[in-house]
Amino acid sequence: MKKLVLFAFALTLMFSVNAQVETPQPSPTTKIEQKVGLTDVTLEYSRPSMKGRKIFGDLVPYGKMWRAGANKNTTVTFSDNVTIDGNDLKAGSYAIFISPNEDNWDVVFYSDTNNWGTPREWDDSKVAAKVSAKIYKMPMEVETWTIGFDDLTNSSANIGFIWENIYAAVTFEVPTAKKVTASIDKVMNGPSPNDFYSAAVYNLSEGKDLDKAMHWIDKAVEMTKDQPRFWYLRQQSLIHAANGDKKGAIDAAKKSLEGAKKAENADYVKMNMDSLKEWGAM
């Protein structure tokens, strides 16, 4: 009986030590993923609330850099190069900082996102863009700090900031026209040699529809005949062999061998010679 009591006490103590009380975060985190044109944009930040406090000019002083949220850095990530008020930003992640004034805000996109709050030592070389945002007074108050994407078009969007009775925004532009044009050109020009090559090699490796694989690899070789690629010819020989076309396989292997010798690629030289011996051509 005594052992049972001690065991029960030990279990109670273990669960008491490991148990943790869960409470809501004072400034809950949020993540927004938005497609703008053909560009993926992701926003991550923490959201403090007013809780009866005056915000701008008090909790968030005028003329002082602010983390644009709470806790760790507020960040925005662009999948493509973008432009913000004439400033070119490369694809990647940026911390957002704001220096509010009574009539406008300075919004800074900072290349170092690994700060908790504002950097202890500000580095101007890490300022990727600094833009001025006009502020607008709203007829009501918004309790919780809010950032979102407004006024979406195929080529641009606003990053909108709302808190207390203030709204401000900065506009970024994405390279939709450039990407669409490139996509159209690629489709209209048809598949590239590498598209045919990759599709053919995949079918060979998976044992799928070798007739199609032959058609595709022959197409890839034909499209590059002015500058033959010995690795294309190598796969052509293997695909023809796998599909029972020994003559075609030998012809392709000999051409691949010739190209590999010119390129001084010993691996391909050996592979082709081994195959030609296997097929009785040497």
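Residues numbered from 1 in each chain as written. Predicted model: local features only at pLDDT ≥ 70, side-chain atom pairs only at ≥ 80, totals over all residues. Heavy atoms only, no water.

Take Ser46: it is sitting in strand β2 (residues 39-46). Judged by relative accessible area, Ser46 falls into the buried class, the value being 2%. A polar side-chain atom of Ser46 sits 3.3 Å from a polar atom in the side chain of Asn71. Those residues in contact with Ser46 that sit more than four places away from it in its chain are Ser27, Pro28, Thr29, Gly69, Ala70, Asn71 and Trp145. (Helix = DSSP H or I, 4+ residues; strand = E, 2+ residues; numbered from the N terminus. Buried < 20%, exposed > 50% of the residue type's maximum accessible area, 1.4 Å probe, protein only. Polar contact = N/O pair within 3.5 Å; in protein donor to acceptor, adjacent residues only side chain to side chain. Contact = heavy atoms within 4.5 Å.)

Under the defined criterion, the tally for this structure stands at 18 aromatic pairs. Measuring from ring centre to ring centre gives 4.5 Å for Tyr110 and Trp122, while their planes differ by 35°; the resulting arrangement is tilted. Taken together, the positions of Tyr110 in strand β7 (residues 104-110) and Trp122 in the loop between β7 and β8 (127-150) put the pair 12 residues apart, joining distant regions of the chain. The class of Tyr110 is buried, set by a relative accessible area of 1%. When the ring of Trp145 is compared with that of Phe161, the centres are 5.9 Å apart and the planes differ by 15°; the resulting orientation is stacked. Here the residue Trp145 occupies a position in strand β8, and Phe161 occupies one in strand β9 (residues 156-173), the gap between them amounting to 16 residues. Of the two residues, Trp145 and Phe161, neither departs from the other in class, the shared state being buried. Members of the aromatic cluster, each reached through a chain of ring pairs, are Phe56, Trp66, Trp105, Trp145, Phe161 and Trp163. (Phe/Tyr/Trp six-rings, centres within 6.5 Å; stacked < 30°, edge-to-face > 60°.)

Right, let's get into a nonpolar patch on the surface. On the surface, Leu38, Val180, Ile184, Val187 and Met188 cluster together into a nonpolar patch covering about 480 Å² of accessible area. Structurally, the position occupied by Met188 is in helix α2 (residues 176-188). For Met188, a relative accessible area of 68% gives the class exposed. (Patch = residues over 30% accessible without salt bridge, like charges linked within 9 Å, V, L, I, M, F, W, Y side chains within 5 Å. Areas by Shrake-Rupley, 256 points an atom, 1.4 Å probe, with all protein chains shown as cover. Salt bridge = Lys/Arg side-chain N within 4 Å of Asp/Glu carboxyl O.)

A few words on the environment of Lys262. Of note, Lys262 is situated in helix α6 (residues 246-262). A sequence separation of 32 residues divides Lys262 from Phe230, and the C-alpha atoms of the two residues are 9.7 Å apart.

A few words now on the packing of helix α5 (residues 230-242) against α6. Relative to each other, α5 and α6 sit at 160°, their axes nearing to 8 Å. With respect to α6, the axis of α5 lies roughly antiparallel. Remark: the crossing between α5 and α6 carries left-handed chirality. Touching Phe230, Leu233, Arg234, Gln236, Ser237, His240 and Ala241 of α5 are Gly248, Ala249, Ala252, Ala253, Lys255, Ser256, Gly259 and Ala260, all from α6. (Axes fitted to C-alpha atoms, helices over the stretch in contact; angles between N-to-C directions. Parallel < 35°, antiparallel > 145°, perpendicular 65-115°, else oblique. Left-handed = near helix turned anticlockwise from the far one by under 90°.)

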